Amino acid sequence: MMTEFEWPWEYTFPPFFTLQPHEETRNQQIKVWSDLFLRYLKYLNKFQVNINENTFPLFNNDAIKRRLSPETITVILEQLQRTGHAAPLDKRRIEWQVYSYTLEEYANMVYDWIQQTGQLNTICTLYEIASGENSEGTEFHGVDEAVLLNAFRTLENKGKCEVVQLDDSFGIKFF
Amino acid sequence: MNRFEYVEARLHDDEIFVSRDRNVKIYDGDHKTEYEEGEVVLTTHRLFWGRPGEIARAATTLCLSLRHVISLSEETASSYFFGRKTRYILYLREPPPDKAPGPIDHSPHSHIKLSGKNGLTQEFGSALRQTIEARIWEVLVIPKPLSVASNSQNSHGGDNPAQLRLKMRTGIGGIERSIEAKAKETDDNIALAFQDLNVLMAMAKDMVAISKVISTKIREQKGEISDDETVRFKSYLLSLGIEDPVTRENFSSNSDYFRSLAQQICELLLDPIEEQGGMMSLADVYCRVNRARGLELLSAEDLLHACQQLNGPIKLRKFPSGAMVLQLESQDDELVAADTLEKVKMSKSLAVEELAKELGISLLLAKERLLAAERLGKVCRDESIEGLRFYPNLLLHRDS
């Protein structure tokens, strides 16, 4: 059973939901928000957000009747993008992929796991890696397949793996 | 109906024919009478009713003196057969005891109606209404019966007030005269009012001097008198006067003019600005300076130029929002911000209008204070549908 999510104190502080004009304050504010985004999405095991999803508790605190505007959400997501934790999924930057580890970190984690379990040079399916029994207990278990796929693409660019299309899924061969 | 008299249908000397109508019948109260299908003639004084032709022959007819009429109203009857028609109702006074004999001696009704097969015409109705409202008989009927008496009155001299009043109200000429008199009176009043203003202008300088003397007196006594609010208020008001306003005519160059003006503004406003907490919006400055100058008013532009020349204890300051204020040089942003933060902390959060109310300053200044505190990171903002509020900046300084 999941434990109750622990919101930071800022979540009940009304100005937290208004993007602050004072630079230092704003930087601090965005930092807290970025951490909160990653923490909360990880807690829900959610990897995708829509900036217009205005009933989502992360964006909307009903208790104090404050919500983040889509513009502010975009500012926070752009910050996450700079640190490698988010990427827009469409041109209008409405849908975003968000991940608590960077793609590179995921890629390295999987690669290390493949090495340790002696699966180099064999083809693993994406499903096996993300949801298979063998990967249970690892940090990347349960991670959105689309996120992992993006992670493997970065690995592929380095020549450490090859992504192959298998019918309606993908297989990955690590070198 | 018992107010009618039998009278020969002849006009008196000053009586004028007004209107006539045909096929008229008279109701005594709401009851029909035998007086139907007659002709009515309205004069300035009386209403005659006669059978067709009688009035033209100056025969004896029924006559109602209009001074018996209290008021007039009309009723519209509509009938399926006859269409719409208008009846007029005349409400009458009690008959006078010396009334000449008439068709009926006693009647329980105090109103009569005039009606006819097709009602009365609009023209006759409105003539009747106007005649009754004009009350010309009040003016003329009285001196009429006794020509001897009126002669003797004349011989006693024409300044009898009753007669003057009569003269004034006689006919169209009288109305014209009274209008003329009224216009003249208004004219005189206006002239008098302006005369007062001229005197005031001539005295303005002396008045300012007096107020100055009083204000210094009050200031001297201030130590002894308790800090009574009325005394403070008075001294405050009186301190506004400027004895010798700087005017452009006295200076050869603009820059000299503005420099002197700036100095005077500085002298004038130093105290009020301190009282207001070190800042005063330019709009307030404009009002105060011009109130103090009395009649030598300054244009907003001249005032701005002068304020730009200020370089003493007061400085002109332009906020990033564009708002301009005069600010004491000693006034430090850090200090103001700290002070503002204290206020915000005390109420947990503050809207602009709340701070303005608390400090007794204008909304504009309150907002600038909060924005200044925000620029220094002391407070942070909360914008929501409830409006703009400011909170202590816990995001940066949670433990403070």
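Residues numbered from 1 in each chain as written. Chains lettered and ligands numbered in written order. Predicted model: local features only at pLDDT ≥ 70, side-chain atom pairs only at ≥ 80, totals over all residues. Heavy atoms only, no water.

## Looking at the overall build of chain A
Secondary structure assignment for chain A yields 5 helices and 8 strands. In sequence order, chain A lays out its α and β elements as α-β-β-β-α-β-β-α-β-α-α-β-β. In chain A, which comprises 175 residues, the share counted as buried stands at 44%. When contacts within chain A are restricted to residue pairs at least 6 apart in sequence, long-range pairs at least 24 apart make up 50% of them. Of the roughly 9,300 Å² of accessible surface on chain A, 47% is carried by carbon and sulfur atoms. (Helix = DSSP H or I, 4+ residues; strand = E, 2+ residues; numbered from the N terminus. Buried < 20%, exposed > 50% of the residue type's maximum accessible area, 1.4 Å probe, protein only. Contact = heavy atoms within 4.5 Å. Areas by Shrake-Rupley, 256 points an atom, 1.4 Å probe, with all protein chains shown as cover.)

## Structural notes on the packing of helix α1 (residues 23–44) of chain A against helix α2 (residues 70–82) of chain A
Between two packed helices, what matters for the description is the angle formed by their axes and the separation of those axes. Residue and element names in this part refer to chain A. Running from amino to carboxyl end, α1 crosses α2 at an angle of 80 degrees, the nearest separation of the two axes being 9 Å. Considering their axes alone, α1 and α2 lie roughly perpendicular with respect to each other. Contacts between α1 and α2 involve Ile30, Trp33, Ser34, Phe37 and Leu38 from the first element and Ile73, Val75, Ile76, Leu77, Gln79 and Leu80 from the second. Partitioned by chemical class, the residues of the contact of α1 with α2 number 9 nonpolar, 2 polar and no charged. (Axes fitted to C-alpha atoms, helices over the stretch in contact; angles between N-to-C directions. Parallel < 35°, antiparallel > 145°, perpendicular 65-115°, else oblique. Nonpolar A, V, L, I, M, F, W, Y, C, P; charged D, E, K, R; others polar.)

## Quick word on the interface of chain A and chain B
The interface is formed by 15 residues belonging to chain A together with 17 residues belonging to chain B. For the pair chain A and chain B, the two sides together bury roughly 1,500 Å², of which 66% comes from carbon and sulfur. Summed over the three residues of chain A that lose the most area to chain B, namely Trp9, Phe13 and Arg66 of chain A, the buried surface amounts to 35% of that side. Across the contact surface, chain A and chain B share 2 salt bridges. At the boundary of chain A with chain B, the tally comes to 5 residue pairs in polar contact (both at pLDDT 80 or more). The leading source of residues in the side of chain A that touches chain B is α1 of chain A, at 4 residues. (Buried area = accessible area lost by both parts, 1.4 Å probe. Salt bridge = Lys/Arg side-chain N within 4 Å of Asp/Glu carboxyl O. Polar contact = N/O pair within 3.5 Å; in protein donor to acceptor, adjacent residues only side chain to side chain.)

## Here we look at the sheet that holds strand β15 (residues 387–392) of chain B
Note: strands within a sheet are paired through backbone hydrogen bonds, in either parallel or antiparallel orientation. All names here are of chain B. Spatial strand order, β13-β15-β14: 3 strands in an open sheet with antiparallel pairing. Strand pairing shows two members of the sheet lacking a second neighbour, β13 (350–351) and β14 (379–384), which therefore form its edges. Direction of pairing for β14 relative to β15: antiparallel, over a ladder of 6 bridges. Paired with Cys380 across the strands is Tyr391, a residue of β15. Along the sheet, helix α10 (residues 333–346) makes contact with β13, β14 and β15, crossing β15 at roughly 100 degrees. (Pairing = 2+ DSSP bridges.)

## Comments concerning the side chain of Lys25 of chain B
Relative to the helices and strands, Lys25 of chain B is located in strand β2 (residues 17–28). Excluding its chain neighbours within four sequence positions, the residues that come into contact with Lys25 of chain B are Lys32, Tyr35, Glu36, Glu37, Trp49, Lys113, Leu114, Ser115 and Gly116 of chain B.

## Describing the pairing of strand β5 (residues 95–98) of chain A
All names here are of chain A. Alignment of strand β1 (residues 48–50) against β5, held across 3 bridges, turns out to be antiparallel. When the sheet's bridge partners are listed, Val49 is paired in β5 with Trp96. Bridge count for strand β4 (residues 86–88) against β5 is 3 bridges, and the pairing is antiparallel. Its bridge partner being in β5, Ala86 is matched across the sheet by Val98. The hairpin formed by β4 and β5 contains 6 residues between the paired strands, and Arg93 there has a positive phi angle of roughly 55 degrees.

## Points about unusual backbone geometry
A positive phi angle, near 55 degrees, is found at Lys65 of chain A, a position not held by glycine. Residue Ala58 of chain B is not a glycine yet carries a positive backbone phi of 60 degrees. Checked against the element boundaries, Ala58 of chain B lands in the loop between β5 (46–50) and β6 (60–65).

## Some thoughts on the confidence of the model for chain B
The share of residues in chain B with pLDDT of 70 or more is 77%, and the mean pLDDT across the chain is 78. Ignoring residues within four places in sequence, the model shows residues 143–158 of chain B, a span with pLDDT below 50, making 8 contacts including any to other chains. (pLDDT = per-residue confidence, 0-100.)

## Some details on the pattern of salt bridges
Side chains that differ in charge, positive against negative, can pair when their charged atoms come close. One pass over the full model with this rule turns up 22 salt bridges over all chains. The residue Arg66 of chain A makes a salt bridge to Glu386 of chain B at a minimum N-O spacing of 3.5 Å. Pair noted here: Arg66 of chain A is in strand β3 (residues 66–67) and Glu386 of chain B is in the loop between β14 and β15, and the two residues belong to different chains. Residue class for Arg66 of chain A comes out buried when judged on its relative accessible area of 5%. According to the relative accessible area criterion, Glu386 of chain B is exposed, its value standing at 54%.

## Describing empty space enclosed by the protein
All names here are of chain A. Applying the stated rule across the entire model yields 1 cavity of 30 Å³ or more. There is about 40 Å³ of room inside the largest cavity. For the largest cavity, the full set of lining residues is Leu38, Leu41, Lys42, Asn45, Lys46, Phe47, Val98, Tyr99 and Ser100. With 3 residues, α1 is the single largest residue contributor to the lining of the largest cavity. Its residues placed into classes, the lining of the largest cavity shows 5 nonpolar, 2 polar and 2 charged. (1 Å grid on protein atoms, 1.4 Å probe; cavity = no way out; pocket = protein on both sides within 12 Å on 5 of 7 lines; lining within 4 Å. Points joined across faces, edges and corners; volume = space filled by probe spheres on them.)

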